[in-house]
Amino acid sequence: MESIWSQTCKIEERAPLSGDLKTEVAVIGAGMAGVLIASALQEAGKRVVVLEADRIASGQTRNTTAKLTSQHGMIYRKLAQTLGMEAARQYAAANEAALAEFRRMIAERQIDCDFETQDAYVYGDNAELLRVEAEYADALGLPASFVEATELPFPAAGAVRFARQAQFHPLKFLRAVAEPLTIYEHTRVQEADGHRLVTEHGTVTAEKIVFACHYPFVNFPGLYFTRMHQERSYVLALENAPKLDGMWVFADGASNPYSFRMWNGLLLFGGGGHRCGENRSGGRYDKLRRKARVWFPRSREAAHWSAQDCVTADGVPYIGQYAASRPDWYVATGFQKWGMTTSMVAAILLRDAVCGRENSYAKVFDPRRFDTETIPGVLKEGGKAVKGLTKRIFQIPAEAVEDLAPGHGGVVSLDGEKVGVYKDEDGKIYPVELRCPHLGCQLEWNPDEESWDCPCHGSRFDKYGELISGPAQTGV
Ligand code: FES
């Protein structure tokens, strides 16, 4: 089902690339990050083109809950204790600057995008941890305080409030920002080689290249697949639910792990998160529906959808030079659940990097960081990333086609080979190769989205095997 954003805002279609061209900067990906990066570079006087495999905002931007905030869960104490106060200060200041830049752009360009100032809250069951987080955030110059969590439909020990954050309609905003940019849709980059980007419609030669395509698809150099995985989460839009002030997310370990915000009279109620490829039993939407019946008994479901986030080893996005051996490549990825604000952080940082300007927030986001604090996380991430391969060899399910109910997918043995099978409502069978074309992990069926999902790095394929999202570059 389409998100409420997709249902209420259509973005005009652009033509694919037609033939070869040269430019100063090529940006791969026309989601919020790619469009904002291109816009910032164009404002700085650069000639920029954007190459988009599908449509503008067709990835995660249309599925976000669209919160603009420096409050990223309970991150500030963790950052201060693991990376130091200076790194935490850079992270906080970069996000505050991003929020200010959203306000400036929306005001100066008079963008009608349902922008509203709202307080942001992270709630939980441990008041002491919440108080400490508020103290760290306050010490870093953020507008943070500990408060009671009385707005929620269930008890919580309290919340950390960040005053004067914001929310908006992401597609209305993006449509306006994209309007003056040169964007080629339906133009998938198949190969990146030095300064050349090869697509099926022509080759782009660029002095600088920015990978803003959610999950970088070039494995070497960079090795992003060793230090990042993807997580899915689910949202219901509820009519006739009680109005709730502010934007709410949960702290890790909260007994009720959900998120809430309002838009246009609808309550956006999110939850059910899991690592991509680990949802074989399904039921994520149904669990949200059960909770909604208890907490908002007069509400009705107006829409449901899901989103996918890249999660880094140390909890900080990778924004900056792609790899030491690629001085003219840049990347913006690993935004966790904070893709809107972090897209603007990326736009500011990469504009400055491409233009050769100093930026005092850049260091904490540098993708080339590997220090004694992050290495254990990197190794753990790499270890999890081979889990799918192990499962492929040792734990192949033995379901038969006749055991599959119509409208379901599963793994069966055909001609001695294990394959994925989707059976449609008429009983027609659609087999898919279970080996992910990215790095070969075994795909898993996701009954909530009727998709084949990769547990290693989060590539997804529809029930017929067509690519939904990478890092894989082809279907199965
Ligand atoms: Fe990397 Fe599937 S996404 S192996």
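Residues numbered from 1 in each chain as written. Predicted model: local features only at pLDDT ≥ 70, side-chain atom pairs only at ≥ 80, totals over all residues. Heavy atoms only, no water.

Concerning the packing of aromatic side chains
- By the definition in use, this model includes 30 aromatic pairs.
- The interplanar angle of 75 degrees and the centroid separation of 5.9 Å between the aromatic rings of Y76 and Y91 together place this pair among those described as edge-to-face. Separated by 15 residues along the polypeptide, Y76 in helix α3 (residues 75-82) and Y91 in helix α4 (residues 85-108) bring together distant segments of the chain.
- Residue Y91 is classed as buried on the basis of its relative accessible area, which comes to 2%.
- Geometrically, the ring pair formed by F260 and F296 is edge-to-face, given 6.4 Å between the ring centres and 80 degrees between the ring planes. Taken together, the residues span a long stretch of sequence, with F260 in strand β13 (residues 259-263) and F296 in the loop between α7 (284-295) and β15 (300-312) at a distance of 36 residues.
- You can call F260 buried: its relative accessible area is 0%.
- Grouping aromatic residues by their ring pairs yields a cluster made of Y123, F154, Y258, F260, F269, W295 and F296.
- When the ring centre of W329 is taken as origin, the NZ or CZ atom of R326, which lies over that ring, is 5.1 Å away. (Phe/Tyr/Trp six-rings, centres within 6.5 Å; stacked < 30°, edge-to-face > 60°. Helix = DSSP H or I, 4+ residues; strand = E, 2+ residues; numbered from the N terminus. Buried < 20%, exposed > 50% of the residue type's maximum accessible area, 1.4 Å probe, protein only. Lys NZ or Arg CZ within 6 Å of the ring centre and 35° of its normal.)

Comments concerning the pattern of salt bridges
- If you walk through the whole model with that rule in mind, you get 23 salt bridges.
- Here R89 makes a salt bridge to E86, at a shortest N to O gap of 3.1 Å. One end of the pair, R89, and the other, E86, are both in helix α4, three residues apart, so they sit about a helical turn from each other.
- The partly exposed category is assigned to R89, whose relative accessible area is 34%. (Salt bridge = Lys/Arg side-chain N within 4 Å of Asp/Glu carboxyl O.)

Brief notes about the sheet that holds strand β23 (residues 460-462)
- Strand order in the open sheet formed by four strands is β21-β22-β23-β24, and the pairing between neighbours is antiparallel. Sheet topology places β21 (444-446) and β24 (467-469) at the edges, where each strand pairs with a single neighbour. Strand-to-strand, the axes of this sheet are offset by a mean angle of 35 degrees, without reference to chain direction.
- One ladder, built from three bridges, connects β21 with strand β22 (residues 451-453); its direction is antiparallel. Within β22, the position partnered with N446 by the bridge is S451. (Pairing = 2+ DSSP bridges. Axes fitted to C-alpha atoms, helices over the stretch in contact; angles between N-to-C directions.)

A closer look at the packing of α3 against helix α5 (residues 127-139)
- Direction vectors running N to C along α3 and α5 enclose 70 degrees, while the axes themselves pass 7 Å from each other. In this view, α3 runs roughly perpendicular relative to α5, as classed from their interaxial angle. You can see that α3 and α5 cross each other, and the crossing is left-handed. The segment α3 lies against α5, with I75, Y76, R77, A80 and Q81 engaging L129, V132, E133, Y136 and A137.
- When grouped by side-chain class, the residues that make up the contact of α3 with α5 number seven nonpolar, one polar and two charged. (Parallel < 35°, antiparallel > 145°, perpendicular 65-115°, else oblique. Left-handed = near helix turned anticlockwise from the far one by under 90°. Contact = heavy atoms within 4.5 Å. Nonpolar A, V, L, I, M, F, W, Y, C, P; charged D, E, K, R; others polar.)

Some points on the confidence of the model for the protein chain
- A residue-level look at the protein chain finds 93% of positions with pLDDT of 70 or above and a mean pLDDT of 92.
- Across residues 371-376 the pLDDT falls below 50, and counting only partners more than four positions away or on other chains, this stretch makes six contacts in the model.
- When the criterion is pLDDT under 50, residues 385-400 qualifies, and its contacts beyond four places in sequence or with other chains add up to 34 contacts. (pLDDT = per-residue confidence, 0-100.)

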